[in-house]
Amino acid sequence: MYTLYGTDESGSCMIEIALQRCAVPWHRVDASSWQESEGSEALARINPLKQIPTLVTPGGQVLTESAAILIHLGLEFPDSHLLNGDRAQIIRGLVYIAANCYSAIGIIDYPQRWLGNANEAAQVQLATGTRRYLHQAWVVFADQFEQQLFAPNGEPNALGIMAAAVSRWDDAREALGGLAPGFAQTLAQVDADPVVAPVFARHWPEWKVS
């Protein structure tokens, strides 16, 4: 059985969707770097950064980094269609999100990690500038990858799942509604997928684009 370390309203949602698509047994251990629990202590033993999602395979292999986990599952279970489509562009897009969007969110959420003991005004300035960069990075993503989010059978592939999940943070969906409305509608189509929708609803029961 696969063991997924994660929590609600986090990136573990996309791995939950992927595991369902792979039709494999799995269970989640509630854990994160921002909450103390037995699960978080167990997570620290296998991933010292306590980053989520972290996935442990039935054979005991530890997998970290959302993009890497999605690529691994797509390769391991081709019938999941997670990598179906233009595979080179799907992988490129997954790494793009990890490098440009996910990383920016980490700065916005924890500016003190980068500024140390800098005053609050400096932290707010860094977070504000990074959020502006994040929204522009999503506009570039929309231009480059909007046609790559679905497998030929109509299911969201790994790139669609990751884009729909990560764009839920830091007002990105709201920004895209004005800057790239067609892409925002494409993300809404991913949200509505019958496998994706209940997972997102469980993670964000009150979420809506304002």
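Residues numbered from 1 in each chain as written. Predicted model: local features only at pLDDT ≥ 70, side-chain atom pairs only at ≥ 80, totals over all residues. Heavy atoms only, no water.

The chain has the name Glutathione S-transferase N-terminal domain-containing protein in an unreviewed UniProt entry, where Pseudomonas sivasensis is given as its organism.

1. Some points on the layout of surface pockets
One number sums up the size of the largest pocket: a volume of about 850 Å³. In terms of lining, the largest pocket is formed by 27 residues, of which the most central are Gln51, Ile52, Tyr102, Gly106 and Arg113. Elements supplying a minimum of two residues to the lining of the largest pocket: helix H3 (66-76), helix H4 (87-109) and helix H5 (112-115). Among the elements that line the lining of the largest pocket, the one with the most residues is H4, at six residues. (1 Å grid on protein atoms, 1.4 Å probe; cavity = no way out; pocket = protein on both sides within 12 Å on 5 of 7 lines; lining within 4 Å. Points joined across faces, edges and corners; volume = space filled by probe spheres on them. Helix = DSSP H or I, 4+ residues; strand = E, 2+ residues; numbered from the N terminus.)

2. Overview of the nonpolar core
Among the nonpolar cores identified, the biggest contains 54 residues, and Leu73, Trp138 and Phe141 are the most heavily contacted of them. In contact with Leu73, not counting residues within four places along its chain, are Tyr2, Ile15, Ala18, Leu19, Cys22, Leu55, Ser80 and Leu82. Membership of the second largest hydrophobic core comes to six residues, among which are Ala31, Ala42, Ile52 and Val56. (Core = buried A, V, L, I, M, F, W, Y, C linked by side-chain atoms within 4.5 Å. Buried < 20%, exposed > 50% of the residue type's maximum accessible area, 1.4 Å probe, protein only. Contact = heavy atoms within 4.5 Å.)

3. Quick notes on the sheet that holds strand S2 (residues 26-30)
The mixed open sheet is built from four strands, whose spatial order is S2-S1-S3-S4. Edge positions in the open sheet fall to S2 and strand S4 (62-64), since each of these has one partner strand only. Each strand axis lies, on average, 20 degrees off the axis of its neighbour in the sheet, ignoring direction. Alignment of strand S3 (residues 54-56) against S4, held across three bridges, turns out to be antiparallel. Looking across to S4, one finds that Leu55 is bridged to Leu63. Contacting strand S1 (2-6), S2 and S3, helix H1 (residues 12-22) crosses the sheet at an angle of about 160 degrees to S1. Of the strands in this sheet, S1, S3 and S4 touch H3, which is tilted by about 125 degrees from S4. (Pairing = 2+ DSSP bridges. Axes fitted to C-alpha atoms, helices over the stretch in contact; angles between N-to-C directions.)

4. Details of the side chain of Ser10
Mapped onto the fold, Ser10 is located in the loop between S1 and H1. Only 2.9 Å separates the side chain of Ser10 from the side chain of Ser12, close enough to count as a polar contact. Excluding its chain neighbours within four sequence positions, the residues that come into contact with Ser10 are Trp34, Ile52, Trp169, His203 and Trp204. (Polar contact = N/O pair within 3.5 Å; in protein donor to acceptor, adjacent residues only side chain to side chain.)

5. Observations concerning the UniProt feature "domain: GST N-terminal" (unreviewed entry) in the chain
Annotation from UniProt places "domain: GST N-terminal" (unreviewed entry) at residues 1-81. Taken end to end, residues 1-81 comprises 38% helix and 20% strand; its first and last C-alpha atoms sit 21 Å apart. (UniProt positions renumbered as here; feature names shortened; annotations may be inferred.)

6. Some points on the environment of Met14
Position of Met14 relative to the elements: it lies in helix H1. In this structure Met14 comes out as buried when scored by relative accessible area, which is 0%. In sequence terms Met14 and Gln147 are 133 residues apart; their C-alpha atoms lie 19 Å from each other. Those residues in contact with Met14 that sit more than four places away from it in its chain are Ser66, Leu70, Tyr102, Ile161, Met162, Ala165 and Val166.

7. Looking at the pattern of salt bridges
Tallied over the full model, the rule gives eight salt bridges. Residue Asp170 is joined to Arg131 by a salt bridge in which the shortest nitrogen-to-oxygen separation is 3.4 Å. Taken together, the residues span a long stretch of sequence, with Asp170 in the loop between helix H7 (158-166) and helix H8 (172-179) and Arg131 in helix H6 (residues 120-145) at a distance of 39 residues. Of the residues examined, Asp170 reaches a relative accessible area of 15% and is grouped as buried. Notably, a salt bridge pairs Asp191 with Arg168, separated by 3.6 Å at the nearest N-O pair. In this pair, Asp191 sits in helix H9 (residues 181-191) while Arg168 sits in the loop between H7 and H8, placing the two residues 23 residues apart along the sequence. Among the residues examined, Asp191 registers a relative accessible area of 13% and is labelled buried. (Salt bridge = Lys/Arg side-chain N within 4 Å of Asp/Glu carboxyl O.)

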